[in-house]
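Below are the chains, spelled out letter by letter.
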Amino acid sequence: RLLSNPRVIPGNSDGGAHIKSTSMGNYTTDLLLWLSRETRLLSQEEMHYRMSCLPARAMQIAERGVLRTGYAADIIIYDFEELYFDRKGYSLTHDLPDGDWRLVARSGGYAYTLVNGVVTHVDGRPTGATCCASIKLAGTRQSRWHGITRHQDHAADDCRWQALLSVASIFD
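Summarised in this report is the structure supplied together with it. These figures come from a predicted structure and were not determined experimentally.

### Observations regarding the pattern of salt bridges
Per the stated rule, a full pass over the model turns up three salt bridges. Residue R102 pairs with D95 through a salt bridge whose shortest N-O separation is 2.8 Å. Since its relative accessible area comes to 25%, R102 is described here as partly exposed. Given the relative accessible area of 44%, D95 is considered partly exposed.

What follows is the structure, given as structure tokens:
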């Protein structure tokens, strides 16, 4: 019942605090498989809305979350039937500074990943392209780097609380 409410935004994060005991980067693939393909609780279109447009609006991130002229082109191209998530376990990868390790859960089936219109992955493999860009929060002077939040004032915290409150309001 909770997941079918249109105000619920799926997501999870621990800010990387538990990279040696779990991997959460695969949750979008897992949710698509579970909620759209396996249980058919939500359509693919609804899942894409909830994992792109809805969070961008809730966090007031300008010009993101939808495919529109002038907006950042963050796009994942995939065949729905080819998506997978290895639920059997995690593997170790040594890609942290000084060769340190972390756990990763393998998922795939993604043909292309584009960030800001630049192809960053092809068939799950990095192309070497990097495309960091500033993300402006609507109505503020706050900037966010894609993937890294820089807290210079309380605007980002306020946006997070607004997002949490909008989700919590379904219980009112």
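### Considering the pairing of strand β7 (residues 118-122)
Note: strand β6 (residues 110-115) against β7, four bridges, orientation antiparallel. Bridged to V115 within β7 is V118. Counted between consecutive antiparallel strands, the loop separating β6 from β7 contains two residues, among which N116 sits at a positive phi close to 55°. Sheet topology places β7 next to strand β8 (residues 125-126); two bridges connect them, and they run antiparallel. Directly across from H121, in β8, lies its bridge partner P126. The turn joining β7 and β8, which pair antiparallel and follow one another in sequence, is formed by two residues; a positive phi near 50° is taken by D123.

### Some remarks on the side chain of R50
Note that R50 resides in helix α2 (residues 44-58). Accessibility expressed as a relative area gives 2% for R50, which makes it buried. At 2.8 Å, the side chain of R50 forms a polar contact with the side chain of E46. Leaving out residues up to four positions away in the same chain, R50 has contacts with L3, S4, N5, P6, V8, I9, P10, L42 and P55.

### Structural notes on the nonpolar core
L31, L32, L33, L35, L42, M47, Y78, F80, L83, F85, A105 and Y110 form the largest nonpolar core, which has 12 residues in total. If sequence neighbours within four positions are ignored, A105 has contacts with S23, N26, F85 and Y90.

### Some details on the sheet that holds β8
Read across the sheet, four strands follow the order β1-β6-β7-β8 without closing on themselves; strand pairing throughout is antiparallel. Taken across any chain shown, the strands that pair with only one partner, and hence form the sheet edges, are β1 (75-78) and β8.

### A few points about the packing of helix α1 (residues 27-38) against α2
To describe two helices that pack against each other, one gives the angle between their axes and the distance between the axes. The contact between α1 and α2 brings their axes to 10 Å, and the two run at 150°. For the crossing formed where α1 meets α2, the hand is right-handed. Contacts between α1 and α2 involve T28, L31, L32, L35 and S36 from the former and Q44, M47, H48 and M51 from the latter. Here the contact of α1 with α2 is composed, by residue class, of five nonpolar, four polar and no charged.

### Observations concerning the environment of T127
One can find T127 in the loop between β8 and β9 (134-136). For the pair formed by T127 and T113, sequence separation is 14 residues and the distance between their alpha carbons is 9.7 Å. Aside from chain neighbours lying at most four places away, what touches T127 is V119, T120, H121 and V122. One polar contact links the side chain of T127 to the main-chain carbonyl oxygen of V119, over a distance of 2.9 Å. A distance of 3.2 Å separates the side chain of T127 from the backbone nitrogen of A129, its partner in a polar contact.

Reading guide: rules and limits
Residues numbered from 1 in each chain as written. Predicted model: local features only at pLDDT ≥ 70, side-chain atom pairs only at ≥ 80, totals over all residues. Heavy atoms only, no water. Salt bridge = Lys/Arg side-chain N within 4 Å of Asp/Glu carboxyl O. Buried < 20%, exposed > 50% of the residue type's maximum accessible area, 1.4 Å probe, protein only. Pairing = 2+ DSSP bridges. Helix = DSSP H or I, 4+ residues; strand = E, 2+ residues; numbered from the N terminus. Polar contact = N/O pair within 3.5 Å; in protein donor to acceptor, adjacent residues only side chain to side chain. Contact = heavy atoms within 4.5 Å. Core = buried A, V, L, I, M, F, W, Y, C linked by side-chain atoms within 4.5 Å. Axes fitted to C-alpha atoms, helices over the stretch in contact; angles between N-to-C directions. Left-handed = near helix turned anticlockwise from the far one by under 90°. Nonpolar A, V, L, I, M, F, W, Y, C, P; charged D, E, K, R; others polar.

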